[in-house]
Structure formats: C-alpha cells, structure tokens
Amino acid sequence: MTRRKPQLAQKSSKVPKKLGAPSLRRSPGAGVGDHEPFPAGKNEVGIEKPVYSGAFLAHAEGKAVFVPLTLPGEQVRIRVTKNKSGYSTAELTEILTPSPQRIRPACPHFGVCGGCNYQHTTYENQLSLKQEILRETLERGGVEPPDEISVISAKPWAYRNRIRVAFDAAGNPGYRARRSNAIIHIRECPIASPLLFTAALAVAETLHRVPANLRPNELQLFCNSDESALLATFFAAESAAVRLESLARALHERIPALQSAELASGGRPGHPPQTLAKWGAASIHYAAAGFNYRVDQGAFFQVNRWLIDALVDRVTSNQQGKLAWDVFAGVGLFARQLTTNFDRVVAVESAPPAVNALEANLNGTTGIAVRAAALDFFRSASKSGQPDLIVVDPPRTGLGAEITTLLADRAAPTLVYVSCDPATLARDLRALIASGYKIESLTLADLFPQTFHLETVVRLRRS
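Predicted model, so just to flag it, every value in this text is computed and none were measured. Every chain is numbered independently, its residues counted from 1 as its sequence is written. Restriction of local features to residues with pLDDT of at least 70 applies here, the model being predicted, together with a cutoff of 80 or more for giving and counting side-chain atom pairs; totals for whole chains, interfaces and linings are based on all residues. Derived side-chain values reflect all non-hydrogen atoms in the structure, with water molecules and hydrogen atoms excluded from consideration.

Let us look at unusual backbone geometry. The backbone phi angle of Glu227 is positive, close to 65 degrees, even though this residue is not glycine. If you trace the backbone, Glu227 turns up in the loop between strand 11 (218-223) and strand 12 (230-235). One non-glycine residue, Ala411, adopts positive backbone phi at about 55 degrees. By definition, any uninterrupted DSSP run of H or I lasting at least four residues is a helix, any uninterrupted run of E lasting at least two residues is a strand, and each is numbered from the N terminus. When you line up the elements, Ala411 lands in the loop between helix 8 (401-410) and strand 21 (414-419).

The structure is reproduced here in structure tokens:
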C-alpha cells in the first residue's frame, strides 16, 4: 500500500528532447562532515549504478559515494555534503561526460524540489533503472528473482490523483526542498493531474487576502480519474482560526468539481489527523477497473490514475475459488474485483475512513468488510475458513515477522503480495519462500514515474 510524498500538476505531457551536458552550479547545503576526511582531490568520480533512494553510486579510493541527479556511465565533479566512515553523500557540481540517456527535465523545479528523482533521463531508461534496482535489492535480501521481471506502465506525466502542498509565509503553494524542509514555491508540476495544481493555485490566491492566523499551513487534494470530482483537506495548527466554510466556498466558486472539504490538524506519520470541521459531502466516486468506488476523505487510494486498471488486473486476473482474503484492503480496490470470481471475499482494513468506504463498496456483493488490524485478523483467522487466495498490500514497513509466520502457517495455495518497498519485500519473501512458497511471477508496476519509488506485484504458490 503506497503512501508517498505527494507532487503537483502540468501544462504539457510531452517528453522533452535530449540535449548535451549541462553545467550545474553549486547549491548551498551542508558541508563535509568531520567523521572521516574525504580523499583529497577526489572530486571527480565515475557513476556506476542506481540505488534505491534516487541517488547513484560512485567510488572514490574504494569508498562508496552517493550522488543524486546523475546517471550510470557519467563522469562528474561532486561536492561532498556528508562524510561517514563507510560512505559519503555528495552533490553534483558539473557533468564532464554525459550519458546519452540524459535529457532536459520537463519541470523547471526539478533538482530543487524534493518530489522527483529521474526527470533528467528518458522514461524507457527509468524503467530499466528500476528493474535493475528491484532485481539487485531482492538478490541482496536473499531472494532469487525470476529471469523475467514483467513491467506494467502508462503515461509518465500528469498521472497523480493526489498531492499535498505546503504554503509559505506569503501563502504560495509549494513542496519541500530536495535537501531540506524549506518550502519551494511551485509554479507548475508535470506529474500531477492538472486539476490539482489549478485548485492549489486557486487556494493560494484566496490565502493572499487572508490574515496569516486564518491560513492553513498545508493542503491535500484528491481527484477522480476524469477530474470531475475533488476532495480537499486543509491542515492547520489546532490554535489557528481557519474558517473552512469561507475557504471551501471560495474554492468551489473557482473549481466546481470540489465536492468535499475538511479542516484537520496533524496528519503526519505517527500522528493521525484530527478533523476539526467539515464542508460538503463526505466522499466522491472513482471509476476504476469496471466499478465505481466510493472514496472518503482521508481514505487511501492508489495514486496513478493511468495505471490503476492494469494494477487491479495484474493482482486479480485468473483467480477464482470459494474464499479469498484481501488484507490491508483500503477501500476495496482489489476486493471488489475479487467478488466477481469468488464465492466469498473477506476484506480487512483498520483505518476508519477506508473501512466506511470499503463497506459501501462491498455492499450487495459476496464480500464482507472486517474492521481489524492485519495482525489481529491473522491471529484470530482460524474462524474465517481456509482461503484459496490471500492478497496483501501492506505499507512500506511490509508484513513483519509475525504476520509472515502466520501467513505461512495458513498455507493458502496462492498468495499475491503487493509491495511499495523492495527492501521489506525481500525480507518478507525470504521467509515465505523458506516456508514453502515459490515465486510464480514478479511484476514491476511503475505507479510513480519520474521518482525512485516503485510498486511490485509478486504472485506466489505453495510448492
């Protein structure tokens, strides 16, 4: 289950032409750490390969150096920003020998904004880099991937259906900087649905006329695939006197697609948001994979509006039987599809906004929603029958040791694991394979073009 840092919207979906090597100016940042001295005169390095963080690996006198915004095969000059005993991180200052895969980024904010990592290379090359990263991460984690890693992908621009922007002191919308928490004022964003950026700008124009103590500090926007419906969540400190009604009405006048707005505080990892006020409807509907899903305020839904149908198909196709479990079910994206081929589907979700929508989306089908944390469900699952199929779609932390053990003990004939972090995937797969499962297929689903993030769908069968 993917929960990523959101991005903003675009005016053109054309991929830019290739060009020669740019010379990058030095950007301000942290100096070299004093843990270990960096080798003198070693500010020129050769870039070797990508790593799962958006950076690329080089070596200086045998020491690993991680350099973002570069490409394999390039010879570059760097400025070290952090020097540890086992590795260094650095910033690119000049490209001496460019890769033939280097292109002009589509976004003027690329490199400063922290949202994207790969806009400086072709989309075809991005997919190759991600396949290489996925294969190497699994191998390093003790899992032998199949010879073929399938790839599903779609248009690499204007794909995001959800963004979260922050507002600077003047009320301008922006994202966090690549190397700090500073807010970068954003004028455009090629990877987001255009409606989202238009809405963010409309809010910003309203905030310019509002006193600082009445402004929210962040805004989350979510739209359906055809941009006909929009949810907005304003975030503010509990002490702020934000007037949701006036903000929502002003936005609705500019963006008629707005159907729901909330004012909340918190909303970061470890701090669930607290709803302070509401305006409009509680949900919107999202047409995907042949169904019309209800999505409530605060509920998780897959972010790539171009690739959702293909993802659902890859997870659920050629599956049928008496009983299926969908754990970490969200609003039921996979569970709803499974109800067409299974006599009974049990969908497990613990987040209240998602569970309410999940129940509605399964109403009148063979599916039932279970309000429970995944671990609690697996601990008591002896009462739920023996499933023919189990689908799991956990957050970045993966399943963990206890759930993996309980899954192995359940011994369902088929298990589909949807992962948004290859390192935790490798850890969990190693345990599942040791328990008797075998990888039948491995698919890279590129839900996050231009970024280092990748989704993986693994189909396993009991051997």
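Anyway, onward from the coordinates.
To continue, consider the confidence of the model for the protein chain. Averaged over all residues, the pLDDT of the protein chain is 90; the fraction at 70 or higher stands at 89%. Here pLDDT means the predictor's own confidence in every residue, given as a number from 0 to 100. When checking whether two residues touch, look at their non-hydrogen atoms; a contact exists if any pair is within 4.5 Å. Note that residues 1-35 has pLDDT below 50 and, in this model, 116 contacts with residues that lie over four places away or in other chains.

For two strands to be treated as a pair, DSSP must find no fewer than two bridges joining them. Taken together, the 7 strands give an open sheet; going across it, the order is 10-9-8-11-12-13-14, and neighbouring strands pair in mixed fashion. Of all strands in the sheet, those bounded by a partner on one side alone are strand 10 (183-185) and strand 14 (274-280). Between one strand axis and the next, the sheet turns by 35 degrees as a mean value, whatever way the strands run. Examined bridge by bridge, strand 11 and strand 12 share 6 bridges and lie antiparallel to one another. Within the sheet, the bridge partner assigned to Leu219 lies in strand 12 and is Phe234. Along the sheet, helix 2 (residues 194-207) contacts strand 8 (162-167), strand 9 (173-176), strand 11 and strand 12; its crossing angle with strand 11, the most-contacted strand, is approximately 145 degrees. Interaxial angles span 0 to 180 degrees and are taken between N-to-C directions of axes, which are lines fitted to C-alpha atoms, for helices over the stretch in contact.

What follows covers the state of the cysteines. In what follows, a disulfide is any cysteine sulfur pair within 2.5 Å. Overall, the coordinates contain 0 disulfides when judged by the stated rule. Between Cys113, a cysteine without a disulfide, and Cys116, which holds the nearest cysteine sulfur, the sulfur-to-sulfur distance is 6.5 Å. For the exposure calls, accessible area comes from a 1.4 Å probe over protein chains only, and a residue counts as buried if that area is under 20% of its type's maximum, exposed if over 50%, partly exposed in between. Taking the relative accessible area as the measure of exposure, Cys113 reaches 9% and is therefore buried. This cysteine, Cys189, is not joined by any disulfide, and Cys107 carries the nearest cysteine sulfur, 6.0 Å off.

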